[in-house]
Amino acid sequence: MKSKILSTAVISLSLLCGSANANWMLNEDKSSLSFVSTKNQHISEVQQFTKLDGEFGADGKLSIDINLSSIDSGIEIRDTRMREKLFMVDKFPKAVLTAQLPKAVLDLPKGETSLVSLPATLSLFGHSNEIQVSVQVTRKADNGIVATSTKPILISAKDYGLAPGIEVLQKLAGLNGIGLTVPVNFNLVFMAH
């Protein structure tokens, strides 16, 4: 009887430790990253990136790759122009967000939620800048983690050298203006591996 209790305790402990030491992989199918662009001062449109990759380990080092070729505005010619004239994906195929997750997030019990504000670094178009990310983190019962932005992240094209590309897009589309700052929202789902 004692050996059965001891075996159960060891298995439970190893499962718990395995979860704490797991590598967490982004589930692309359940995750989303979108932004709102504004043209001609009053017309706003939601756009998204459909290809995301990311992970973090027990050390809390988070890295998210955003495939810039996966831009989806709902208009193919605009997507092509953004790939070629704005993001120049041949030279800069991805944006990368990195952050150090706090211990409180790594140790979050199943079924619990935490609000976190943390610094992150966004690398895009050869430029890297620190941004502040406000996020609600939920540890799901199935051992998944969901991270959802609670405030939009304002990204300025000027901070990443993208303003000239936006001017090119504006001229190609015959617009009076395209806003240089976009609010970004995300919902990221990670599973332990």
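Predicted model, so just to flag it, every value in this text is computed and none were measured. Throughout, residues of each chain are indexed from 1 in the direction in which the sequence is written. The predicted origin of the model limits local features to residues at a pLDDT of at least 70 and limits the giving and counting of side-chain atom pairs to 80 or more, whereas totals for whole chains, interfaces and linings rest on all residues. The basis for the side-chain values is all heavy atoms of the structure; hydrogens and waters are excluded.

Caption draft 1: Structural view of the overall build of the chain. Elements are defined by DSSP. Helices are runs of H or I of four residues or more, strands are runs of E of two residues or more, and each kind is numbered from the N terminus. Helix and strand counts for the chain stand at four helices and twelve strands. Whether two residues are in contact is decided by their heavy atoms, any of which lying within 4.5 Å being enough. A separation of at least 24 residues holds for 61% of the contacts in the chain among residues at least 6 apart in sequence. Surface exposure of the chain reaches about 11000 Å², of which carbon and sulfur atoms provide 57%. The accessible surface values rely on the Shrake-Rupley method and a 1.4 Å probe; as for residues, cover is taken only from the protein chains in view.

Caption draft 2: Structural context of the side chain of Glu-45. Take Glu-45: it is sitting in strand S3 (residues 43-49). What qualifies as a polar contact is a pair of N or O atoms within 3.5 Å, subject to a donor-acceptor requirement within protein and to the restriction that residues adjacent in sequence count only when both atoms come from side chains. Looking at Glu-45, its side chain comes within polar contact range of the side chain of Lys-39, at 3.4 Å. Among all residues touching Glu-45, those that are not within four sequence positions of it are Phe-35, Val-36, Ser-37, Lys-39 and Arg-78.

Caption draft 3: Focus on unusual backbone geometry. A positive phi is found at Gln-41, a non-glycine position, where the angle reads about 65°. Here Gln-41 shows up in the loop between strand S2 (32-39) and S3. When accessible area is computed with a 1.4 Å probe and restricted to protein chains, residues below 20% of their type maximum are described as buried, those above 50% as exposed, and intermediate ones as partly exposed. With relative accessibility at 68%, the residue Gln-41 sits in the exposed group. We note that Met-88 has phi near 45°; this positive angle belongs to a residue other than glycine. Along the chain, Met-88 falls in the loop between helix H2 (76-86) and strand S7 (94-100).

Caption draft 4: Region of the structure containing the packing of H2 against helix H4 (residues 163-173). Axis lines are fitted through C-alpha atoms, for helices just across the contact stretch, and the angle between N-to-C directions can take any value from 0 to 180 degrees. Packing of H2 against H4 leaves a shortest axis separation of 9 Å and a crossing angle of 140°. Taken together, the axis directions place H2 and H4 in an arrangement best described as oblique. As for how H2 packs across H4, the hand of that crossing is right-handed. Residues Arg-81, Met-82, Lys-85 and Leu-86 of H2 pack against Gly-165, Ile-166, Val-168, Leu-169, Leu-172 and Ala-173 of H4. All amino acids are sorted into three groups, where Ala, Val, Leu, Ile, Met, Phe, Trp, Tyr, Cys and Pro are nonpolar, Asp, Glu, Lys and Arg are charged, and the leftover types, Gly among them, are polar. For the contact of H2 with H4, the per-class residue count stands at seven nonpolar, one polar and two charged. What sets the label is the angle itself: under 35 degrees gives roughly parallel, over 145 gives roughly antiparallel, 65 to 115 gives roughly perpendicular, and the rest give oblique. When the near helix sits turned anticlockwise from the far one by under a right angle, the crossing is termed left-handed; a clockwise turn instead gives a right-handed crossing.

Caption draft 5: How the structure looks around the pattern of salt bridges. One speaks of a salt bridge when a side-chain nitrogen belonging to Lys or Arg is within 4 Å of a carboxyl oxygen belonging to Asp or Glu. Evaluated as defined, the whole model comprises six salt bridges. Of the charged contacts, one joins Glu-45 and Lys-39 as a salt bridge, the two residues approaching to 3.4 Å between their closest N and O atoms. Between Arg-83 and Glu-76 there is a salt bridge, with the nearest N and O atoms lying 3.4 Å from each other. Connected via shared salt-bridge partners are Lys-39, Glu-45 and Arg-78.

Caption draft 6: Structural view of the pairing of strand S10 (residues 144-149). Counting buried positions along S10 yields five of six residues, so the element is predominantly enclosed. As paired strands, strand S9 (residues 127-139) and S10 are joined by five bridges and run antiparallel to one another. Across the sheet, Arg-139 pairs through a bridge with Ile-145, a residue of S10. The hairpin turn running from S9 into S10, its antiparallel successor, is four residues long, and Asn-143 in that turn takes a positive phi close to 75°. In this structure, S10 lies alongside strand S12 (residues 181-192), joined through five bridges in antiparallel fashion. Bridging across to S12, Ala-147 finds its partner in Leu-188. Note on pairing: two strands pair once DSSP finds at least 2 bridges between them.

Caption draft 7: Layout of the environment of Ser-117. For Ser-117, the location among the structural elements is in strand S8 (residues 113-124). The spatial distance from the C-alpha of Ser-117 to the C-alpha of Val-135 is 6.3 Å, given a sequence separation of 18 residues. The contacts of Ser-117, once residues within four sequence positions are left out, are Gln-132, Val-133 and Ser-134. Within the structure, the side chain of Ser-117 is placed 3.0 Å from the side chain of Gln-132, a separation counted as a polar contact.

Caption draft 8: Up close: the packing of aromatic side chains. What counts as a ring pair is set by centres within 6.5 Å for rings of Phe, Tyr and Trp (its six-membered ring), and what kind of pair is set by the plane angle: stacked under 30 degrees, edge-to-face over 60, tilted for all other angles. Counted by the stated rule, this structure contains five aromatic pairs. With a centroid separation of 5.8 Å and an interplanar angle of 35°, the aromatic rings of Phe-35 and Phe-49 are classed as tilted. Taken together, the residues Phe-35 in strand S2 and Phe-49 in strand S3 connect sequence positions 14 residues apart.

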